[in-house]
Amino acid sequence: MRKLLNTLFILTEDHYLSLDRENVVVNCGKEEVARFPLHTLEGILCFSYAGASPALMGACAKRGVDLAFFSPQGQFLARAVGESQGNVLLRQAQYRVSDDPAASVRYAKGFLLGKVYNARWVLERATRDHPQRVPVERLKEISRQLAAALQRIEEAITPEELLGLEGEAAQRYFDGFDSLILQQRESFSFTKRSRRPPLDPVNAMLSFAYTLLARDCAAALEGVGLDPYVGFLHRPRPGRTSLALDLMEELRAVLADRFVVTCINQKVLTGKHFHQQESGAVLLTDEGRRAFLKAWQQRKQQTLQHPFLNEKIPWGLVPHVQALLLARTLRGDMERYPPFFWK
């Protein structure tokens, strides 16, 4: 378990939550593991199938404490809510920002600054860690182009400008992406991003990783009471979790892209894990998907120092922390949304 931003995260599958007077009690079997005063909490995110007592659910609903349930793998299951109160105000604030182009741009800038900063750092880290195996000068030049893009993003004033800058920066970043692949070159090479359908194994893995990351971001937004379908950079569209796509932008390079490169370089997946359809689409086999998903869950359990909180957390909690920070900013508790800047 972990307490961050006045939110209690229950990360162990067999922990059960109950209420004792005004305290949240964390139990494992018949043993009490910990307790927290309920009045000190703004939310509880429970990644446990054991669940919580009805008394605790009622107390959380009455006191306006968000209580959300996820599978141990991070899939959103449900939220316990009582009378409509705090969350409706949060969503109203979200909808107002989405309807206001100027306000949307302020939030969209944060997502894109995080995206471009992290993409740049992924390339810089490759030149630092593998100076004899990557084209250092070429990657440094791309890094300089991304640094210039950061300044232009800060100065942009319309959604159209931001989308154009995002597209240019993504193209520059992917121009250097193939250099990060150091093993299995006979099976894995990257020339350009292809989405629908992916036309090579690297693009197949990137698309699958982005799908998993978008799902995790949507679950995180649901858990804090935000509407994952109403975004700021990605405009609302039926069936599209636009705000989840916004939130995942700053995590693409550091979580999804680096994971794909690791799977290739450490030979977690090989050429046998892919098949090509008659249409030209390249897809993961059933065995490949299982290996990919197993490695993805292991990656989410690895820890890092969160750059804003200055605390060690699992990678799997990063979308949830960023969703909490976004909700606090929309509520007016914070002046500006702090993007995730990987260090």
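Quantities reported herein were computed from a predicted structural model and do not represent experimental measurements.

Procedures and definitions
Residues numbered from 1 in each chain as written. Predicted model: local features only at pLDDT ≥ 70, side-chain atom pairs only at ≥ 80, totals over all residues. Heavy atoms only, no water. Axes fitted to C-alpha atoms, helices over the stretch in contact; angles between N-to-C directions. Helix = DSSP H or I, 4+ residues; strand = E, 2+ residues; numbered from the N terminus. Parallel < 35°, antiparallel > 145°, perpendicular 65-115°, else oblique. Left-handed = near helix turned anticlockwise from the far one by under 90°. Contact = heavy atoms within 4.5 Å. Nonpolar A, V, L, I, M, F, W, Y, C, P; charged D, E, K, R; others polar. Core = buried A, V, L, I, M, F, W, Y, C linked by side-chain atoms within 4.5 Å. Buried < 20%, exposed > 50% of the residue type's maximum accessible area, 1.4 Å probe, protein only. Salt bridge = Lys/Arg side-chain N within 4 Å of Asp/Glu carboxyl O. Pairing = 2+ DSSP bridges.

Q: Describe in detail the packing of helix α3 (residues 101-129) against helix α4 (residues 136-155), supporting the description with residues and values.
A: A pair of packed helices is captured by two measures, namely the crossing angle of their axes and the spacing between those axes. With their axes 9 Å apart at the nearest point, α3 and α4 run at an angle of 165° to one another. Put simply, α3 runs roughly antiparallel to α4. Relative to α4, α3 is oriented so that their crossing is left-handed. Each of K109, L112, L113, V116, Y117, A119, R120, L123, E124, A126 and T127 in α3 lies in contact with α4, whose residues at this interface are V136, L139, K140, I142, S143, L146, A147, A149, L150, I153, E154 and E155. Counted by class, the contact of α3 with α4 contains 15 nonpolar, 2 polar and 6 charged residues.

Q: Before we move on, could you go through the nonpolar core and cite the residues and values that matter?
A: Membership of the largest hydrophobic core comes to 98 residues, with the highest contact counts inside it found for Y173, F177, M205, L226, F292 and L326. Here the element with the most residues in this core is helix α6 (residues 201-223); it accounts for 15 residues. Contact partners of L326, with chain neighbours within four places excluded, come to Y107, F111, L221, L226, F232, L243 and Y337. Grouped together as the second largest cluster of nonpolar side chains are 19 residues, F36, I44, V65 and L67 included.

Q: Account for the pattern of salt bridges, with residues named and values stated.
A: Scanning the entire structure with this criterion turns up 22 salt bridges. Two residues, R215 and D216, come together in a salt bridge whose shortest N-O distance is 3.3 Å. By relative accessible area, R215 is classed as partly exposed at 34%. Exposure remark for D216: the relative accessible area of 6% places this residue in the buried category. One salt bridge in this structure joins D216 and K300, with 3.2 Å as the shortest N-O distance. In this pair, D216 sits in helix α6 while K300 sits in helix α9 (residues 286-301), placing the two residues 84 residues apart along the sequence. Accessibility assignment for this pair places D216 and K300 in one class, buried.

Q: Describe in detail the sheet that holds strand β3 (residues 15-20), supporting the description with residues and values.
A: The strands that make up a sheet pair up through hydrogen bonds in the backbone, lying either parallel or antiparallel. Sheet architecture is open: 3 strands sit in the order β3-β4-β5, paired in antiparallel fashion. The sheet is open, and its two edges are formed by β3 and β5 (31-37), each paired on a single side. In this sheet, neighbouring strand axes are inclined to one another by 25° on average, regardless of whether the strands run parallel or antiparallel. Two elements, β3 and strand β4 (residues 23-28), share 6 bridges in a ladder whose sense is antiparallel. When the sheet's bridge partners are listed, L19 is paired in β4 with V24. Those strands touched by helix α1 (residues 54-63) are β3 and β4, and its axis lies near 65° from that of β3.

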